[in-house]
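Each chain, written out:
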Amino acid sequence: MLKNSFLLAAGCVLLLMSCRSSAKKNHQSPSSKTASIVVRKVKGKLIYNNPLLKEYNSFLMKLDTEKIENSSKAAQKFTELFKGKDQNLCDSAYFIFNNFYGRLTSGFDNYRFKDTTVKYDSLLTDSNRKYLSKLSGNLAYYAQKLKDNGLRVYMSEGDTCIGQDLDFFAKWFYDDISPTMKEYLIQLNKDDKEGYAEDAGLTISPYQLADRTVWWEKFASKHPNCIVSDNSENNWKDYLGTILQGMDNSPVIDYDEIHNGQKSLNDYYKLAYGYIQASYPNTETNKLVSPYFKLLLQKDSNKADKLLKEYKKDGKI
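Along each chain, the written sequence defines residue order, and numbers are assigned to residues from 1. Residue-level local features of this predicted model are given only where pLDDT is at least 70; pairs of side-chain atoms are given and counted only at 80 or more, and the full residue set underlies all totals for whole chains, interfaces and linings. Water and hydrogen atoms were dropped before computing side-chain values, which therefore reflect all heavy atoms in the structure.

(A) Helix H11 (residues 301–313), seen in detail. Over its 13 residues, H11 runs 18 Å from end to end, which matches the ideal 18 Å to within 8%, given 1.5 Å per residue. Among all positions in H11, only Ala304, Leu307, Leu308 and Tyr311 are buried. An end-on view of H11 places all buried positions within 100 degrees of arc, on one side of the element. More than 90 degrees from the buried face of H11, the exposed residues found are Asn302, Lys303, Lys306, Lys309 and Lys313. Gly315 sits one or two positions beyond H11 and adopts a positive phi of about 75 degrees. Secondary structure elements are defined from DSSP: runs of H or I of at least 4 residues count as helices, runs of E of at least 2 residues count as strands, and each element is numbered from the N terminus. Multiply 1.5 Å by the residue count of a helix minus one, and that product is the helix's expected span. Burial classification: accessible surface area is computed with a 1.4 Å probe over protein chains only, and a residue below 20% of its type maximum counts as buried, one above 50% as exposed, and the rest as partly exposed. To be clear, the arc concerns the directions from the helix axis to the C-beta atoms.

Shown next as structure tokens:
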């Protein structure tokens, strides 16, 4: 769950910052850069120029972020105020909800340390949100309460964490937000369910990583002025950065200590690079990957490192 990106135009996180998500990045708040959102910043504070948005924000600010049922209350208030309204206005209202949703996720994750009545490790789910243990009556009730409020329990590096279940958005927001925002959220949910990395190592296939990278490139290019354009471009750059630089426990270059430290391109990335060249030849992603791939195949690590430094300097990764 998600360096990067849509992470925080206004400070919301999908999963607790102290926990690592199995997905690439935390769910981010949409950017407020476009004119479609009726929000502006004054001295670091968000100001809502529409009275309905102002009312909604005031309502959410009064809700206790350690009570999980307030997630549904916030979503119900969204429906009450914005059902049938202009889609740009609904996108802006979703922006407000999402900030609250991040605070609630973090707040409830903190609260669970004080709650000794629930065995949270019994509520662990897999990537398909299926429970790993058979639940008793009380646990089943509590599990349903979590699900109804868009939360789930997952394990990361030996510890349980509270995360967001993005199916929650489908229930409460898909019918009212813009098609572009809906497309964005559907992809976020898909990425989240597939996972991304754990313990600084990739858990998805090279083809999934390549497909995601190009998907975010194309989405950002197709919607340059939408409310989530900055977030989408950042997602692309983050995935691209991973493809080119790897992760601590999923390195691009393997070091063969048996053969005097000989270096070689890891098969994972060789597959990813070749797949991008074959499947997405006309993309900006391929334009950046191909020369790097060529240098690695030539075992010219100095030029390859120099090229990555140029990409970073130019803000491409």
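(B) Fine view of the packing of aromatic side chains. Any two rings among Phe, Tyr and Trp, with Trp reduced to its six-membered ring, count as a pair given centres within 6.5 Å; such a pair is stacked if its planes are under 30 degrees apart, edge-to-face if over 60, and tilted if neither. This model, assessed by the stated rule, comprises 27 aromatic pairs. Relative to Phe169, the ring of Phe97 has its centre 6.4 Å away and its plane inclined at 80 degrees; by these criteria the two rings are edge-to-face. Here Phe97 is found in helix H3 (residues 87–111), whereas its partner Phe169 is found in helix H5 (residues 167–172), with 72 residues between them in sequence. You'll find Phe97 and Phe169 in the same group, each marked buried. By the ring-pair criterion, three or more aromatic residues cluster together here, those being Tyr56, Phe78, Phe82, Tyr94, Phe97, Tyr101, Phe168, Phe169, Trp172 and Phe173. Here, a charge over a ring is recorded when the distance from Lys NZ or Arg CZ to the ring centre is within 6 Å and its angle to the ring normal is within 35 degrees. Here Lys77 stacks its cationic end above the ring of Phe59, 5.1 Å away from the centre of that ring.

(C) Just the pairing of strand E3 (residues 151–156), in detail. A large share of E3 lies buried, amounting to 5 of its 6 residues. DSSP bridges decide pairing: two strands pair if at least two such bridges lie between them. Note: E3 against strand E4 (residues 159–164), 6 bridges, orientation antiparallel. Bridged to Met155 within E4 is Thr160.

The quantities given are spatial measurements derived from coordinates; they are silent on function.
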